[in-house]
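Geometric and topological summary
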Amino acid sequence: MEKQNLARRAARARVVTTDAEIDRAIERARRLRNEPLVTEVEYRPGPGLDLLILKLSDGRRHVIPREDLQGLETGRPEQLARVEIVGGGTGLHWPELDADLYVPALLRGVYGTRLWMARIGKRGGSVTSAAKKAAARTNGKLGGRPRRNANGAAG
């Protein structure tokens, strides 16, 4: 009985789109006309090399490390190679991974949600190298970071 009620309610449910929402969508589409679109996608796996290469309509190429892309982190090479270009070049879709990425966002360096991007940033900040250690030691010898005054300014 409960299933029938849910089915009836779902059949009656309608999505109502306002004129303002339609106008905003049309304006976004107009702005996209000037943006480069993806014409080809190439996945290059290998030892120390795991890249997604986007070939753009303006002749440029955009290279992104696969591990930075939300939704692709668990994909096997054969799954990652099977990508579809959708939306006239504005989107990428991996059917086997149920993953979608928006090309204009990728070109701006947005590879996932805010939380995902924060994790990427944290991972980069935790990298250690001889140069980073040497810079930290030099900074420490100089007294570390400048103290903040009452106004919040360094000095």
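What you are looking at is a predicted structure, and each value in this text was computed from that prediction instead of being measured. (Residues numbered from 1 in each chain as written. Predicted model: local features only at pLDDT ≥ 70, side-chain atom pairs only at ≥ 80, totals over all residues. Heavy atoms only, no water.)

As for the overall build of the chain
Counted only if it meets this: Secondary structure elements are defined from DSSP: runs of H or I of at least 4 residues count as helices, runs of E of at least 2 residues count as strands, and each element is numbered from the N terminus. Residue exposure (1.4 Å probe, protein chains only): buried if accessible area is under 20% of the type maximum, exposed if over 50%, otherwise partly exposed. Whether two residues touch is decided by their heavy atoms; if any such pair falls within 4.5 Å, the residues are in contact. In short, Shrake-Rupley with a 1.4 Å probe defines the accessible areas, and a residue's cover is counted only from the protein chains shown.
Helix and strand counts for the chain come out as six helices and six strands. The linear arrangement of helices and strands in the chain, starting from the amino end, is α-α-β-β-β-α-β-β-β-α-α-α. Relative to its 155 residues, the chain shows a buried fraction of 23%. When contacts within the chain are restricted to residue pairs at least 6 apart in sequence, long-range pairs at least 24 apart make up 33% of them. About 11,600 Å² of surface is accessible on the chain, with carbon and sulfur atoms providing 53% of the total.

Examining helix α6 (residues 130-141)
In plain terms, the rule: To estimate how far a helix should extend, the number of its residues minus one is multiplied by 1.5 Å.
An ideal rise of 1.5 Å per residue puts 16 Å on twelve residues; α6 measures up with 17 Å between its terminal C-alpha atoms. Of the residues trailing α6, Gly-143 is marked for its positive phi of about 100°.

So, the sheet that holds strand β5 (residues 91-94)
Applicable threshold: When DSSP finds at least two bridges between two strands, those strands are taken to pair. Orientation is described by axes fitted as lines to C-alpha atoms, over the contacting stretch for helices, and by angles from 0 to 180 degrees between their N-to-C directions.
Judged by pairing direction, the sheet is antiparallel, and its three strands sit side by side in the order β4-β5-β6 without closing on themselves. Both outer strands of the open sheet, β4 (84-86) and β6 (99-102), are each paired with one neighbouring strand and no more. The mean inter-strand angle of the sheet, taken between neighbouring strand axes irrespective of direction, is 25°. In terms of strand pairing, β5 meets β6 through four bridges, oriented antiparallel. Within β6, the position partnered with Leu-92 by the bridge is Leu-101.

Some remarks on the pairing of β6
Of the two faces of β6, only one is covered, namely that formed by Ala-99 and Leu-101; the face formed by Asp-100 and Tyr-102 stays uncovered. If you look at the hairpin formed by β5 and β6, you'll find four residues sitting between the two strands, and Asp-98 has a positive phi there, around 50°.

So, the nonpolar core
Applicable threshold: We call a set of buried residues a nonpolar core when its members are Ala, Val, Leu, Ile, Met, Phe, Trp, Tyr or Cys and they connect through side-chain atoms within 4.5 Å of each other.
Counting residues in each nonpolar core, the largest one holds 20 residues, and the members touching the most others are Leu-52, Leu-54, Leu-69, Leu-72, Leu-92, Trp-94 and Leu-106. Within the residue set of this core, elements represented by two or more residues are β1 (38-44), β2 (51-56), β5, β6, α4 (103-107) and α5 (114-125). Residue contacts for Leu-54: discarding those within four places in its chain leaves Val-38, Glu-40, Val-41, Arg-60, Arg-61, His-62, Ile-64, Leu-92 and Leu-106.

Quick notes on the pairing of β2
For β2, the buried fraction is high: five of the six residues fall into the buried class. For β1 and β2, the ladder comprises six bridges, and the chain directions are antiparallel. Residue pairing across strands places Tyr-43 opposite Leu-52, the latter belonging to β2. Hairpin remark: β1 followed by β2, antiparallel, with six residues in the connecting loop; positive phi at Gly-46, about 160°. Sheet topology note: the β2/strand β3 (residues 61-65) ladder contains five bridges and is antiparallel. Considered in β3, the bridge of Ile-53 is made with Val-63. Turn length for the β2-β3 hairpin, with the two strands adjacent in sequence and antiparallel, is four residues, and the turn residue Gly-59 shows positive phi of about 95°.

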